[in-house]
Amino acid sequence: LFLESLACAEDLVLQEVVGTECTRQGDVGHGTREWASLEELREANGFSWTIIDGRVYALDEFIPCHPGGKLIWLSVGEDSSDLFHAHHASQVAKTALASLEIGCLLNSSPGVGPLRVELNNRVARLLRAPVSPTAEAIAMTMLFLFAIWALLCYTRG
């Protein structure tokens, strides 16, 4: 399954990239369409898309061969910049992504995406003090039992 996914990803990387009509803040992109807002993009039904760093990518061809499996479904219809950068550091992934670009989102500002919210919630839970100090209770119980055992050994010989 992984080898099939890798072959599919390589096929997408080798495809030609479309023209450069989409410009955003002086940066030339590969897409051919501009969306003024996220709402306008959401109204353009008919395909699975995601936004990464202000660029819009069509995912329909890539979803079945995504090497990461179902994780890609978290990015459909969302700004998945955090998710993409958290899992894809290689140039191969960025090249594959470039072949899926269909345009850009104008006036986009980097927001807090669902991945960042989830990570923040998990970190906050880990940093909270435990409600019942289980480890401390177990340690104190073991210390108490050791003291009783030592006392019994000393007095009973």
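Residues numbered from 1 in each chain as written. Predicted model: local features only at pLDDT ≥ 70, side-chain atom pairs only at ≥ 80, totals over all residues. Heavy atoms only, no water.

Caption draft 1: Quick look at the overall build of the protein chain. If you tally the helices and strands in the protein chain, you get six helices and six strands. Listed N to C, the secondary structure of the protein chain is α-β-β-β-α-β-β-α-α-β-α-α in terms of helices and strands. Expressed as a percentage of the 157 residues in the protein chain, the buried residues total 27%. When contacts within the protein chain are restricted to residue pairs at least 6 apart in sequence, long-range pairs at least 24 apart make up 62% of them. Carbon and sulfur atoms make up 62% of the accessible area of the protein chain, which amounts to about 10,900 Å² in all. (Helix = DSSP H or I, 4+ residues; strand = E, 2+ residues; numbered from the N terminus. Buried < 20%, exposed > 50% of the residue type's maximum accessible area, 1.4 Å probe, protein only. Contact = heavy atoms within 4.5 Å. Areas by Shrake-Rupley, 256 points an atom, 1.4 Å probe, with all protein chains shown as cover.)

Caption draft 2: Inspection of helix 4 (residues 91-98) at higher detail. For helix 4, the full list of buried residues reads A93, A96 and L97. Taken end-on, helix 4 shows its buried residues confined to a sector of 100°, consistent with a single buried face. Counted as exposed and oriented over 90 degrees from the buried face of helix 4: Q91 and V92. (Arc of directions from axis to C-beta.)

Caption draft 3: Highlighting the sheet that holds strand 4 (residues 49-52). Taken together, four strands build an open sheet; the order of strands is 3-6-5-4 and the sheet is mixed. Edge positions in the sheet fall to strand 3 (33-35) and strand 4, since each has one partner strand and no second. Strand-to-strand twist in this sheet, taken as the mean axis angle between neighbours without regard to direction, amounts to 30°. As judged from the three bridges shared by strand 3 and strand 6 (residues 101-105), these two strands associate in the parallel manner. Considered in strand 6, the bridge of E34 is made with C104. (Pairing = 2+ DSSP bridges. Axes fitted to C-alpha atoms, helices over the stretch in contact; angles between N-to-C directions.)

Caption draft 4: Broad picture of the pairing of strand 4. Side chains W49 and I51 project from strand 4 onto one buried face, and the interleaved T50 and I52 project onto a second face that is buried too. Judged from the four bridges that link them, strand 4 and strand 5 (residues 55-58) form a sheet pairing that is antiparallel. The residue bridging I52 from the neighbouring strand is R55, located in strand 5. Between the antiparallel neighbours strand 4 and strand 5 lie two residues, among them D53 with a positive phi of about 55°.

Caption draft 5: Quick look at a nonpolar patch on the surface. Taken together, the side chains of M140, L143, F146 and W149 make up a nonpolar region of the molecular surface, amounting to roughly 490 Å² of accessible area. Positionally, W149 belongs in helix 6 (residues 134-156). (Patch = residues over 30% accessible without salt bridge, like charges linked within 9 Å, V, L, I, M, F, W, Y side chains within 5 Å. Salt bridge = Lys/Arg side-chain N within 4 Å of Asp/Glu carboxyl O.)

Caption draft 6: Structural detail: the confidence of the model for the protein chain. Overall, the prediction assigns the protein chain a mean pLDDT of 74, with 73% of residues at 70 or greater. Strand 1 (residues 23-24) is the least confidently modelled element of the protein chain, averaging 37 in pLDDT, while helix 6 averages 92, the highest of any element. Predicted confidence for residues 1-30 stays below pLDDT 50, and this span has 57 contacts to residues more than four positions away or in other chains. (pLDDT = per-residue confidence, 0-100.)

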